[in-house]
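Here's the letter readout for the chains.
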Amino acid sequence: MSRKACIVGWAHSPFGKLDALDIEALMGLVVNDALAHAQVDAQDVGHIAVGVYNNGLVPQGFEAGLPALCNEGLRFTPAVHVENACATGSAAVHSAMDAIETGRARIALAIGAEKMTGVPSSAIPGILLSGCYRREEENPLGFAGIFGQITSAYFERYGDQGEALALIAAKNHANALDNPYAHVHKDMGFDFCNQVSEKNPRVAGPLRRTDCSMVSDGAAALVLADEETAAALARAIAFRARVQVNDFMPLSRRDPIAFEGAHRAWQTALANAGVGIYDLDLVETHDCFTTAEMLEYEAMGLAPRGEGWTVIKEGITYKNGRLPVNVSGGLKARGHPLGATGVSMHVMAAMQLAGEAGAMQLPDASLAGIFNMGGAAVANYVSILERRK
């Protein structure tokens, strides 16, 4: 019996400012719907991985204790909480896969959730800096300040690429119009994204507001099963490869604009899958800031180092381009509830491969790539998915 894990069902909440919901209620939006979509009974789940970043966003800890409150059938199921900065959701997916592939469970549930808007907005930059090496990288502007510095370093070395960043922002906002779960349903347009204005001010360094992902609440869940179990279910999305590569946490220990860990993760995943980057039909990538998507073009091999800006200007990553990137709107417009993001990206890709993406659907999508990172390319996860059933 093969113990390789397949995605067999999923659920996704709206992303946005969800005032009435706490972390438990957010999980409640997706747990039962995911089980129903997979046509799996709660009592058959052998492992639950809960991805929540938290670190002061909400007072409730011990998040692994919450899923059973969403469904009593999960009462005695082993559950763990994982956290890996902005890649927390992918860490949950890997934990669920590990349970299946080691034979400890036939069916596993990966949940990603985050409640970010329950604290004052002034507190969020400090909380998110816990995903950086605070001993050296303390910054009053939080993660935006870190990526402002990364963006400035790129521009100093390779020229001002503000237009390319605006094109990325405009692309992802246009794509999100077709995503019913997205935080922002507004076509910003290139001209607005490219101009500094009262409604689009500088946030940190060269970064404008439209270059930065939103503060969002939301949740997503995946049901995974071994291949034998998946064969009897309605759908099976297999992992051709799944890779995690870590890099030094302090930016001072590496070239901050090289994204070497991300590049190594992509190279390893593509080699393990036996495919090239242009064999993929789509990629969901981690555009916490537009600069990140541009650097990830280089990391995934779409352009040499220092030329990532050419990828968007040549139209390669548009929905009708050679390799559509962030058809869902990405973190930039779909939203970025930290713990939910990695699970959400897998849901968005699986929907495409299953032909269940609605207005977002690409024709004949059969192979998808996912890149999710924690910190500034510290924890780097790549998945390559294909439809088996």
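Here, residues in each chain are numbered from 1, in the same order as that chain's written sequence. Confidence filtering applies because this is a predicted model: local features only for residues at pLDDT of at least 70, side-chain atom pairs given and counted only at 80 or more, and all residues used for totals across whole chains, interfaces and linings. Side-chain calculation: all heavy atoms of the structure are included, whereas hydrogens and water are not.

**Quick look at the side chain of Asp 217**
Here a strand is any run of E in DSSP of at least two residues, a helix any run of H or I of at least four, and the numbering for each starts at the N terminus. Mapped onto the elements of the fold, Asp 217 is located in the loop between strand E6 (207-208) and strand E7 (218-226). Two N or O atoms count as a polar contact when they lie within 3.5 Å, although within protein this holds only if one can serve as hydrogen donor and the other as acceptor, and sequence-adjacent residues are included solely when both atoms are side-chain atoms. One polar contact links Asp 217 to Lys 115, side chain to side chain, over a distance of 3.0 Å. A polar atom in the side chain of Asp 217 sits 2.6 Å from the side chain of Thr 117. Residues count as neighbours in contact if any of their non-hydrogen atoms are within 4.5 Å of one another. Excluding anything up to four places from it in sequence, Asp 217 contacts Pro 14, Phe 15, Gly 16, Lys 17, Leu 18, Leu 26, Glu 114, Lys 115, Met 116, Thr 117 and Pro 337.

**What about the pattern of salt bridges?**
The salt bridge definition used is simple: a Lys or Arg side-chain nitrogen within 4 Å of an Asp or Glu carboxyl oxygen. One pass over the full model with this rule turns up 15 salt bridges. Of the charged contacts in the structure, one is a salt bridge between Arg 208 and Asp 211, with a shortest N-O distance of 2.9 Å. We classify Arg 208 as buried; its relative accessible area is 4%. One salt bridge in this structure joins Arg 388 and Glu 227, with 2.8 Å as the shortest N-O distance. With a 1.4 Å probe rolled over the protein chains alone, any residue whose accessible area is under 20% of its type maximum counts as buried; one over 50% counts as exposed, and the rest are partly exposed.

**Remarks on the packing of aromatic side chains**
Between rings of Phe, Tyr and Trp, where Trp is taken as its six-membered ring, a pair exists when centres lie within 6.5 Å; planes separated by under 30 degrees are stacked, by over 60 edge-to-face, and by other angles tilted. Counted under the stated rule, the structure contains three aromatic pairs. For the pair Phe 147 and Phe 289, a centre-to-centre distance of 4.8 Å together with 25° between the ring planes defines the contact as stacked. Separated by 142 residues along the polypeptide, Phe 147 in helix H7 (residues 142-158) and Phe 289 in the loop between strand E9 (282-284) and helix H12 (290-300) bring together distant segments of the chain. Phe 289 carries the same exposure label as Phe 147, and that label is buried. Taken together, a centroid distance of 4.9 Å and an interplanar angle of 55° make the contact between Tyr 154 and Tyr 158 tilted. Of this pair, Tyr 154 and Tyr 158 both sit in helix H7, four residues apart, which is roughly one turn of the helix. For Tyr 158, a relative accessible area of 26% translates into the label partly exposed. Three or more aromatic residues joined by ring pairs form one cluster here, namely Phe 143, Phe 147 and Phe 289. Distance and angle both matter: a charge sits over a ring if NZ of Lys or CZ of Arg is within 6 Å of the ring centre and within 35 degrees of the ring normal. Geometry around Phe 248 places Arg 253 over its ring, the cationic atom sitting 4.1 Å from the centre.

**Considering the UniProt feature "domain: Thiolase C-terminal" (unreviewed entry) in the chain**
UniProt positions are given in the numbering used here, feature names are shortened, and annotations may be inferred rather than shown by experiment. Within this numbering scheme, the UniProt entry marks residues 251-387 as carrying the feature "domain: Thiolase C-terminal" (unreviewed entry). Here residues 251-387 runs as 39% helix and 15% strand, with 38 Å between its end C-alpha atoms.

**Considering the nonpolar core**
Counting 104 residues, the largest nonpolar core has Ile 7, Trp 10, Phe 147, Leu 222, Leu 224, Trp 266 and Ile 384 as the members making the most contacts within it. Element by element, the count of residues in this core is highest for helix H15 (residues 338-354), at ten residues. Here, nonpolar core refers to any group of buried Ala, Val, Leu, Ile, Met, Phe, Trp, Tyr and Cys residues whose side-chain atoms link them within 4.5 Å. One finds Ile 23, Val 50, Leu 74 and Ala 230 within the second-largest nonpolar core, a separate group that totals 33 residues.

**Comments concerning the sheet that holds E7**
Ordered in space as E3-E2-E4-E7-E1-E8-E11-E10-E9, the nine strands form an open sheet in which the pairing is mixed. Two strands close off the open sheet at either side, each with one partner strand: strand E3 (79-82) and E9. Going across the sheet, the axis of each strand differs from the next one's by a mean of 25°, ignoring polarity. Pairs of strands are assigned from DSSP output, requiring at least two bridges between the strands. Judged from the eight bridges that link them, strand E4 (residues 107-114) and E7 form a sheet pairing that is antiparallel. Paired with Ile 111 across the bridge in E7 is Ala 221. Axis definition: a line fitted to C-alpha atoms, over the contacting stretch in the case of helices. Angles run 0 to 180 degrees between N-to-C directions.

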